[in-house]
Amino acid sequence: MHVVERKSMSKYRKEVKESLDDKFLRKSLDKFFTDYRANRERIFTDFDEKGVIDKIAISKDAAMSRLEELYLQFKEEAEKRGVTVHRADTAEDANAIVADIAKKNNVKRIAKSKSMTTEETQLNTYLIDRGYDVIETDLGEWIIQLRGEGPSHMVMPAIHLSRDQIAKDFTKETGIEQDNDIQRLVKVARARLRKEFIAADMGISGANVAVAENGSIATLTNEGNARLVTTLPKIHVAFTGLDKLIPTLEEALTSMLILPRNATAQLLTSYVSWICGATNSEITEDKKRQVHIIFVDNGRSKVALDPVFSEVMRCVRCGACANVCPVYRLVGGHKMGYIYIGAVGLILTYLYHGHDNAKILAQNCINCEACRTVCAAGIDLPKLIREVRLRLVKEYGSSVDRKLMKMVMGDRKMFHRLLKFASYAQLPITAGTKFQRHLPLMLFPSHNFRALPAIASKSFRDQWSKVKPKVSAKPKANIAIFAGCAQDFMYPEQLIAALKIFESKGVNVSFPEDQGCCALPLEMVGERETVKSVARRNMDSFVDGNYDAIVTLCASCGSFLKNVYQEIFHDEPEYAEKATNFSSKIQDFSSFMRNTLGITADDFNKSDEKVTYHAACHECRGLEVTEEPRELISFVADYVPAAEEDTCCGFGGTYSVKFADISGSIVNRKLDNFEATGATRLVMDCPGCVIQLKGGAKKRKMTMNVGHIAELLAENMK
Ligand code: SF4
Ligand code: SF4
């Protein structure tokens, strides 16, 4: 029997480590991840993905704003057609309704098809505790039921298991030795489960959609078991969340255009079953089948009214947000969710399964934004995960380390003084090199996957008066630099390389010195008030300049300044306007070079150096800049694409400290891919990624030169 337990951080870290050490899990999730990406790309070719996703988002948002009305319409329509419609406020109520129907009808055996909502309410446990025989009939669900586990994926619940493990479980279940041949194992399951469909007194299914205009529901499956569960037993109970309500059949069909494509890269699942009213039954005395539909609220009607979280009610449970998540890829669903898994699992755990259970899980997200770009319903999942963290901080308060971080990063002068002091204090461990050679982190071996950079002996701001470019009388553009902490204090040479290019192209450059950290690290730990005060100061420091653009060489800063500043000041009129102006001027280095300055191949001497590229998450997804950096590289060198260029490097600021094992595993896979290209140089648009990849490469003693794209370009300017 599957019972979900609460975890402490130390237990959670231990379990994460176990997953990382599980060779089979790593291999199978790796294969799944790469196959899924390729298949998804194929299935969405020549399909208006964005258009259909936008349509789903609009229709689901509208549906959730009139949830009560749709529920009443559905009830009326379904009851006209002989169905009994129930509504359960809580998980316990929903389970009790099923048990009551079972008791009144003298039910003994129950056959189930797959339903995440029954996982949410822990229905099986509830019924089994009350003496009912409950059997799952979806192959994956049956396998995990035999093992007493929960699903590790919303669509492929047993993806974490090998055929050997399944053969052992089937041997135990059938009492007959089973080999690990998949076809034979499927036959064993089929023979065993067929009997259950026939013997069951009650069938329980989920529902992918519930259509208000005609009171119908639909299930999408690949095994056909839902069709048997809903038509053979004399009673059918459909168990579904209120969020599955949709006004019209047409809107339901639109969501089906995306659901199978996104879930399993199929045009359509093998079976789509529609149930519209109670049908006749040859096995009941009155020749009628009982059909009950239970709508589970369990917090949904409250979430539908929440100004931020209501978006999550659009979710069609396709599971794609897990399929592209670098953390899920490594640790699997049991370590990245409570019952619901992946990105949406982190949010739904907070909303449906207690804030306490979300405290640890919500931290296990790198903010890579991969989930946002594939979501079937256009949900901004990273934003909602940040919102969970924010609300948890409000509810539970800040930890000591966060208070310290808030104090230091919230005070620009103190932060900069400390970094200056650190640049002197580090000498014994850097021995004058650009790396911290004897890491204090050697006390924590899991952090030793990369060499950390030294603090620069002179920050960019301290060099500014000497390195600032000559002023042009007829400038091509007037820009300001937003430096960001990593380049200001660790890699000033990256900014200086950019200045060299700007000067040669007649760009006038300013550096407002009151600017500080962009505040992304503070946002990542839920410290919104400090984020706002840092953001106000940043915007104020640029407000007097009449800049054509505010250029940053850090994709993470750029994406945060451009996308999040506006979002967080929407309810402060003075700063809302400032944020709109400020954000509209933010430009990343590569698109500024290509699109504003119009830099072409003629501006460079081309070498035959083999150069590969890492597409930083916040460059390719946050700022949606993909072509420009690759074009720039190809102007100056022999660009060699690497596998999975746009997957996360595992940095994520404090994430790489908090979950060092995961971060280290991610960066090592990235480095394997870069090494396989045979390139001698690796460049990117983000100094955070440079910390991670340069440090990882150094640790592996790779000879590859790792740095910022601006350095490569500056070296090759004509
Ligand atoms: S932002 Fe990235 S790490 Fe976080 S849940 Fe989404 S895919 Fe996973
Ligand atoms: S959040 Fe989006 S991607 Fe994730 S399961 Fe829901 S619809 Fe699919």
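So, how was this worked out
- Residues numbered from 1 in each chain as written.
- Chains lettered and ligands numbered in written order.
- Predicted model: local features only at pLDDT ≥ 70, side-chain atom pairs only at ≥ 80, totals over all residues.
- Near = placed C-beta within 6 Å.
- Helix = DSSP H or I, 4+ residues; strand = E, 2+ residues; numbered from the N terminus.
- Nonpolar A, V, L, I, M, F, W, Y, C, P; charged D, E, K, R; others polar.
- Buried ≥ 20, exposed ≤ 12 C-beta atoms within 10 Å, placed from the backbone.
- Contact = placed C-beta atoms within 7 Å.
- Domains from an automatic or database assignment.
- Axes fitted to C-alpha atoms, helices over the stretch in contact; angles between N-to-C directions.
- Parallel < 35°, antiparallel > 145°, perpendicular 65-115°, else oblique.
- Left-handed = near helix turned anticlockwise from the far one by under 90°.
- Pairing = 2+ DSSP bridges.
- Expected span 1.5 Å × (residues − 1).

The environment of ligand 2 is formed by 15 residues, the closest being Cys315, Cys318, Cys321, Val344 and Cys375. Contributing elements (two or more residues each) for the shell around ligand 2: α14 (320-323) and α16 (342-352). The residue makeup of the shell around ligand 2, split by class, is 13 nonpolar, one polar and one charged.

A few words on the site of ligand 1. The immediate surroundings of ligand 1 are formed by 14 residues, with Cys325, Ala343, Cys365, Cys368 and Cys371 found nearest. Those elements that place two or more of their residues in the shell around ligand 1 are α15 (326-331), α18 (370-374) and α19 (381-396). A breakdown of the residues in the shell around ligand 1 according to their chemical character gives 12 nonpolar, one polar and one charged.

Turning to unusual backbone geometry, a few remarks are in order. One non-glycine residue, Asn106, lies in positive phi territory at about 55 degrees. Residue position: Asn106 is located in the loop between α5 (91-104) and β2 (109-112). Given 7 C-beta atoms within 10 Å, Asn106 falls into the exposed group. The phi dihedral of Glu624 falls on the positive side, at around 55 degrees, and the residue is not glycine. Looking at where Glu624 falls in the secondary structure, it is placed in the loop between α31 (617-622) and α32 (627-636).

With that settled, consider the environment of Met202. Tracing the sequence through the fold places Met202 in strand β4 (residues 202-205). Look at Met202 and you get buried, because 25 C-beta atoms sit within 10 Å. Residues Met202 and Asn280, 78 residues apart in the sequence, show an inter-C-alpha distance of 15 Å. Setting aside residues no more than four positions away along its own chain, Met202 makes contact with Ala102, Val107, Ile110, Pro233, Ile235 and Val237.

As a further point, take the domain arrangement of the chain. The domain architecture assigned to the chain consists of domain 1 (66-299), domain 2 (424-588) and domain 3 (596-715). Averaged C-alpha coordinates put domain 1 and domain 2 at centres separated by 52 Å.

Here we come to the packing of helix α28 (residues 555-568) against helix α29 (residues 573-585). Describing two packed helices takes the angle between their axes plus the distance from one axis to the other. Here α28 crosses α29 at 165 degrees, and the two axes come no closer than 8 Å. With respect to each other, α28 and α29 are oriented roughly antiparallel. Between α28 and α29 lies a crossing whose hand is left-handed. Taking contact as the criterion, the partners of Leu561, Lys562, Tyr565 and Gln566 in α28 are, on α29, Ala579, Thr580, Phe582 and Ser583.

On to the sheet that holds strand β18 (residues 705-708). The strands making up a sheet associate through backbone hydrogen bonding, with each pair oriented either parallel or antiparallel. The four strands lie next to each other as β16-β15-β17-β18, forming an open sheet whose pairing is parallel. The open sheet has two edge strands, β16 (638-639) and β18, and neither has a second partner. Across four bridges, the pairing between strand β17 (residues 681-684) and β18 is parallel. Paired with Leu682 across the strands is Val706, a residue of β18.

Once that is clear, we can look at helix α12 (residues 249-264). Look at α12: 23 Å from first C-alpha to last across 16 residues, which is about the 22 Å you get at 1.5 Å a residue. Among the residues of α12, Glu251, Ala252, Ser255, Ile258, Leu259, Pro260, Arg261, Asn262, Ala263 and Thr264 are the ones counted as buried. In the stretch just after α12, Ala265 is the one whose phi turns positive, near 55 degrees.

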